[in-house]
Amino acid sequence: MSESRITIGPVIFNFPHLLEAHTNDPAKPAKFSAMIVIDKSDTKTLNAIDAAIKSVFESTNGKEKLGKSTLKTIRLPLRDGEEKDAEDLQDKMFFNCSSKRRPEIVGIDRQPILDESEIYSGMIGYVSINLFAFNQNKSKGIGVGLNNVMRTADGVRFGGGATTAASDFADIDVEDIL
């Protein structure tokens, strides 16, 4: 395993598009993706990501793609949650990762998870990622590819979670409608 391919966790998954590819821009191909949220106190995970970023930057491929750029002049994947106006990201760091290939998603028993109700913003788990250098459309930086996911625990659902139709319409008297 290269230093640019790491497995980190436990992390929180936000906007997980892991079972079906997604795109916000119809002109771009759909991808599997997630925002990975890390507590700022998790120095082990943050240090592993920093080491992988430096490894990619200093690699032959990194030097070819990034040229004479410095770590301060390129786009880096790890961002401070304070930049976003979102309560769920306070005291957190985050990055986005994606893949054209559907990631394998397993539970703690290492068996596949196919039930979409188990994959939600706020779930907790581990993620295997690979970092890579890019130079495209006049933008240079280090990106993150999504490999595989292990869901390990329930977390607090971001956005409060879904409701059921039965609970949403429980107070409506259908006799008045008919």
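Residues numbered from 1 in each chain as written. Predicted model: local features only at pLDDT ≥ 70, side-chain atom pairs only at ≥ 80, totals over all residues. Heavy atoms only, no water.

Enquirer: Would you explain the pattern of salt bridges in this entry?
Expert: By the definition in use, this model includes 5 salt bridges. We note a salt bridge from Asp80 to Lys40, for which the minimum N-O separation is 3.0 Å. One end of the pair, Asp80, is in strand 3 (residues 79–80); the other, Lys40, is in the loop between strand 2 (31–39) and helix 1 (43–58), with 40 residues separating them in the sequence. One salt bridge in this structure joins Glu82 and Lys40, with 3.8 Å as the shortest N-O distance. (Salt bridge = Lys/Arg side-chain N within 4 Å of Asp/Glu carboxyl O. Helix = DSSP H or I, 4+ residues; strand = E, 2+ residues; numbered from the N terminus.)

Enquirer: Hey, could you run me through the side chain of Ser4 in this one?
Expert: If you trace the backbone, Ser4 turns up in the segment before strand 1 (5–22). Setting aside residues no more than four positions away along its own chain, Ser4 makes contact with Ala52, Val56, Ile129, Asn130 and Leu131. (Contact = heavy atoms within 4.5 Å.)

Enquirer: Looking at this model, I keep getting lost on the layout of surface pockets. Mind explaining?
Expert: The method is simple in principle: a probe with the dimensions of a water molecule rolls over the atoms, and the space it marks as empty is what remains. By volume, the largest pocket is sized at about 1400 Å³. Taken together, 35 residues make up the lining of the largest pocket; nearest its centre are Lys28, Lys31, Asn96, Cys97 and Ser98. Where the lining of the largest pocket is concerned, the elements lending two or more residues are strand 1, strand 2, strand 4 (92–99), strand 6 (124–136) and strand 7 (139–153). When its residues are assigned to classes, the lining of the largest pocket shows 13 nonpolar, 14 polar and 8 charged. In this structure, the second largest pocket spans a volume of roughly 260 Å³. (1 Å grid on protein atoms, 1.4 Å probe; cavity = no way out; pocket = protein on both sides within 12 Å on 5 of 7 lines; lining within 4 Å. Points joined across faces, edges and corners; volume = space filled by probe spheres on them. Nonpolar A, V, L, I, M, F, W, Y, C, P; charged D, E, K, R; others polar.)

Enquirer: Teacher, can you tell me more about the environment of Asp176 here?
Expert: Structurally, Asp176 is set in helix 4 (residues 174–177). Remark: the alpha-carbon pair of Asp176 and Val106, spanning 70 residues in sequence, is separated by 48 Å.

Enquirer: When you look at the nonpolar core in this model, what are you seeing that I'm missing?
Expert: One broad rule of soluble globular proteins: the nonpolar side chains tend to lie buried together. Ranked by size, the top nonpolar core spans 34 residues in total, and within it Ile8, Ile36 and Phe95 carry the most contacts. Where this core is concerned, the elements lending two or more residues are strand 1, strand 2, helix 1, strand 4, strand 6 and strand 7. If one sorts the elements of this core by residue count, helix 1 sits on top with 6 residues. Excluding residues that lie within four positions of it along the chain, Ile8 makes contacts with Ile36, Ile38, Thr45, Ile49, Phe95, Gly125, Tyr126, Val127 and Ile129. (Core = buried A, V, L, I, M, F, W, Y, C linked by side-chain atoms within 4.5 Å. Buried < 20%, exposed > 50% of the residue type's maximum accessible area, 1.4 Å probe, protein only.)

Enquirer: What am I meant to see in unusual backbone geometry here?
Expert: Keep in mind that most residues, glycine aside, have a negative phi and that most peptide bonds are trans. With an omega of 0°, the peptide bond running from Gly9 to Pro10 counts as cis. Within the secondary structure, Pro10 is located in strand 1. Of note in the backbone geometry, Arg110 takes a positive phi value of approximately 65° without being a glycine. In this structure, Arg110 sits in the loop between strand 5 (104–106) and strand 6. Exposure remark for Arg110: the relative accessible area of 58% places this residue in the exposed category.

Enquirer: Before we go on, may I ask you to explain the pairing of strand 1 in this structure?
Expert: Remark: a regular strand shows side chains that alternate across the two faces of the sheet. Note that strand 1 and strand 6 share 6 bridges and pair antiparallel. Directly across from Arg5, in strand 6, lies its bridge partner Asn130. Relative to strand 2, strand 1 is paired through 5 bridges, and the arrangement is antiparallel. By the bridge assignment, His22 is partnered in strand 2 with Lys31. (Pairing = 2+ DSSP bridges.)

Enquirer: So what exactly am I meant to see when it comes to the environment of Gly141 here?
Expert: For Gly141, the location among the structural elements is in strand 7. For the pair Gly141 and Arg75, spaced 66 residues apart in sequence, the C-alpha to C-alpha distance is 4.3 Å. Those residues in contact with Gly141, other than ones at most four positions away along the chain, are Leu66, Ile74, Arg75, Phe132, Ala133 and Phe134.

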